[in-house]
Amino acid sequence: MEDEKVRGPAKGDGPTDAEAAASRLLAATDWLSSRPVQTVLGVLEGGGARSRVVGGAVRNTLVGRPVGDVDVATEAVPDQVVELAGRAGVKSIPTGIEHGTVTLVVEHVAIEVTTLRRDVTTHGRRAEVAFGSDWVADAGRRDFTINALYCDREGRLFDPLGGLADVAARRVRFIGEADRRIAEDYLRILRFFRFSAEYAEGEFDREGLLAAVRGRAGLRRLSGERVRTELLRILLAKRVGVALEAMRDCGTLVEALGFVPRGGLARRVAEVEVAMGLAPDALRRLAGLFLHSRGDAARIAERLRLSRVEGERLAAMASVPMPEPRQGHGELRRLLYAHGATAVVDRLVLAVAGGTLGLEDGKAATRFAETWQVPRFPVAGRDLLELGLAPGPAVGALLARIQADWVREDFAPERGELLERAAAAIAGRS
């Protein structure tokens, strides 16, 4: 029987108690009984193609985490998936059809459907695949055992590689030989640290760590975009500090980015965010890893292919002056006006993490930064023209001078007073 093949010969004729309990848990979930998921599975199985939910939805249910996207594995080839969906009036999108993936959309919910596959050749960054109907082979080409868990539309669990035991043990373990899995795609080194930081308890899997060390040079071959995606996810992981320490010890950060990390500052940034009641921020934690100057920011932005906005924010973390909250709110107001709340809060967090600012001072200044309403400069260029100033560079120069005085005087002068000063300045020019 196919199910026996999936479970493996050592498991006997029926499900174990643990598998039965997992199946009951899966069957009771809202996401599995939802109309979009049941529709997709029904459409595929109605065409004779056995299909199962795979990966994150199953894994997260079993560890008690929220479920986001639902992915489906199927024996149907992509053209068949499209045909079956069309007959049922379900929208299909060929999002990765060369790799066997078609996205089906039901009631605005997108579900990726991927044909069972086996790797033909691998290149360290991608694989050439062949479609098939072997569930064990499909499971065997995945990265970690906890990601090779499947369930059918009734919630029955299929666990060909022992992933359920690893879920129970809170262990992240490569499928088969770790070195081989990494050689197929070196990004799996970073994924190993990310998944371990999210799902593992205790020490990271020793075989995985040793394989990461042996394969770390392959990280240089990865594109900046792929490294960026995984690194920013690691920086938001539950056990980010443990992951970063392990990555430093294994030399993977240096190989992936070409920068020597700054000890435990990123970990401290994460701790300070919690202490200050701030949402986790991957870019701020990235700055804690590498940032010393605007030049560092530019190099990091280039390597990780950061967006223009992300790059500018990183540069601001290196260049915006450090607020001195004990000197009163006047300086804070001036910095907020010049750079905005995000840049100022970033600097406050980094200062607390680096030990140059106390936590309570940082919390108070952050509260002020997040609540102060930045005033609008009440004078415009047209006002100066109406006062008799001739059009030209002099308008901008005088406007900048008046605005600088207004900021220096803590935004106190009102519009009337500022216009009087402008009129006096214009009169002095004539």
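Shown above is the structure to which this text applies.
These remarks concern the structure in this document. (Residues numbered from 1 in each chain as written. Predicted model: local features only at pLDDT ≥ 70, side-chain atom pairs only at ≥ 80, totals over all residues. Heavy atoms only, no water.)

### Considering the layout of surface pockets
Right, so step 1: Estimated volume of the second largest pocket: approximately 210 Å³.
Right, so step 2: Lining the second largest pocket are 14 residues, and of these Arg262, Leu291, Met317, Arg347 and Leu350 sit closest to its centre.
Right, so step 3: Counting only elements with at least two residues in the lining of the second largest pocket, the list comes to helix H18 (308-319) and helix H20 (341-354).
Right, so step 4: Per-element accounting of the lining of the second largest pocket gives the leading share, four residues, to H20.
Right, so step 5: Its residues placed into classes, the lining of the second largest pocket shows eight nonpolar, four polar and two charged. (1 Å grid on protein atoms, 1.4 Å probe; cavity = no way out; pocket = protein on both sides within 12 Å on 5 of 7 lines; lining within 4 Å. Points joined across faces, edges and corners; volume = space filled by probe spheres on them. Helix = DSSP H or I, 4+ residues; strand = E, 2+ residues; numbered from the N terminus. Nonpolar A, V, L, I, M, F, W, Y, C, P; charged D, E, K, R; others polar.)

### Some words on the pattern of salt bridges
Right, so step 1: Applying the stated criterion across every chain yields a total of 38 salt bridges.
Right, so step 2: In this structure, the salt-bridge partner of glutamate 273 is arginine 284, at a minimum N-O distance of 3.0 Å. Highlighted residues: glutamate 273 in helix H15 (residues 265-275) and arginine 284 in helix H16 (residues 282-290), separated in sequence by eleven residues. An identical accessibility class is assigned to glutamate 273 and arginine 284; each is buried.
Right, so step 3: Each of Glu273, Asp281, Arg284, Arg285, Arg313 and Asp346 takes part in salt bridges that share partners, so that together they form one network. (Salt bridge = Lys/Arg side-chain N within 4 Å of Asp/Glu carboxyl O. Buried < 20%, exposed > 50% of the residue type's maximum accessible area, 1.4 Å probe, protein only.)

### Considering the pairing of strand S5 (residues 109-115)
Right, so step 1: The pairing of strand S2 (residues 71-74) with S5 spans four bridges and is classified as parallel. For aspartate 71, the partnering residue across the bridge sits in S5 and is glutamate 112.
Right, so step 2: Note that strand S4 (residues 101-106) and S5 share six bridges and pair antiparallel. Opposite valine 102, over in S5, you have valine 113 as the bridge partner.
Right, so step 3: Adjacent in sequence and paired antiparallel, S4 and S5 are bridged by two residues, among which glutamate 107 carries a positive phi angle near 50 degrees. (Pairing = 2+ DSSP bridges.)

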